[in-house]
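# Chains, contacts and geometry: an overview
The residues making up each chain are set out below.
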Amino acid sequence: MTHAEVGMQVSHRRYVPYSHAHYAGNLVDGAYSLAAFGDVATELCIIADGDEGLFASYSDVQFLAPVRAGDCIVITARVVRVGTRSREIDFEVRVVARGNPSRGESAADVLDPPVVATTARGVVVVPPAP
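This section reports on the structure supplied with the text. Quick caveat: nothing in here was measured; it's all calculated off a predicted structure.

Attention now moves to the sheet that holds strand S6 (residues 86-99). Here five strands make up an open sheet; going across it, the order is S1-S5-S6-S7-S4 and the pairing antiparallel. Looking at the sheet topology across the chains shown, the edges are occupied by strand S1 (9-15) and strand S4 (54-63). Strand-to-strand twist of the sheet, defined as the mean angle between neighbouring strand axes without regard to direction, takes the value 25°. Summarising the sheet, S1 and strand S5 (residues 72-82) pair through seven bridges and their orientation is antiparallel. Across the sheet, residue Gln9 finds its bridge partner in S5, namely Arg78. In this fold helix H1 (residues 31-49) packs onto S1, S4, S5, S6 and strand S7 (108-125), with an angle of close to 140° to the strand it touches most, S1.

Tracing the backbone shows Thr76 in strand S5. With a relative accessible area of 15%, Thr76 lands in the buried category. Reaching out from Thr76, the side chain makes a polar contact with the side chain of Ser11 at a distance of 3.0 Å. Residues within four places of Thr76 in sequence aside, it is in contact with Gln9, Val10, Ser11, Val40, Asp90, Phe91 and Glu92.

Rules used in this analysis
Residues numbered from 1 in each chain as written. Predicted model: local features only at pLDDT ≥ 70, side-chain atom pairs only at ≥ 80, totals over all residues. Heavy atoms only, no water. Pairing = 2+ DSSP bridges. Helix = DSSP H or I, 4+ residues; strand = E, 2+ residues; numbered from the N terminus. Axes fitted to C-alpha atoms, helices over the stretch in contact; angles between N-to-C directions. Contact = heavy atoms within 4.5 Å. Buried < 20%, exposed > 50% of the residue type's maximum accessible area, 1.4 Å probe, protein only. Polar contact = N/O pair within 3.5 Å; in protein donor to acceptor, adjacent residues only side chain to side chain.

This is the structure:
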């Protein structure tokens, strides 16, 4: 039995560790956001369908702003369509805090408003309901 419905939403919060920086300016590659989307989609599938589900596709991936090591991010997944076995999901990464080394090695600022860094739409599939 599924509990999936349009508007259902799950969010994760995480700190982006410096070990994930790949580029100058402590930039993190775009794959970091996509991996985070996979994690939040897994939880959404477990809550809605009692199964981790499988990612089938991404579409309309947009890298709108950088994600950097030292950022605090919120990753959100929201169901926009429910099929028999498929769930279409909108994803978003928002940077809610960012390190500010100009004020000190461990200084950071809360971003108000948060910065939308990455968006995407994805499709997951779950096993048929018993």
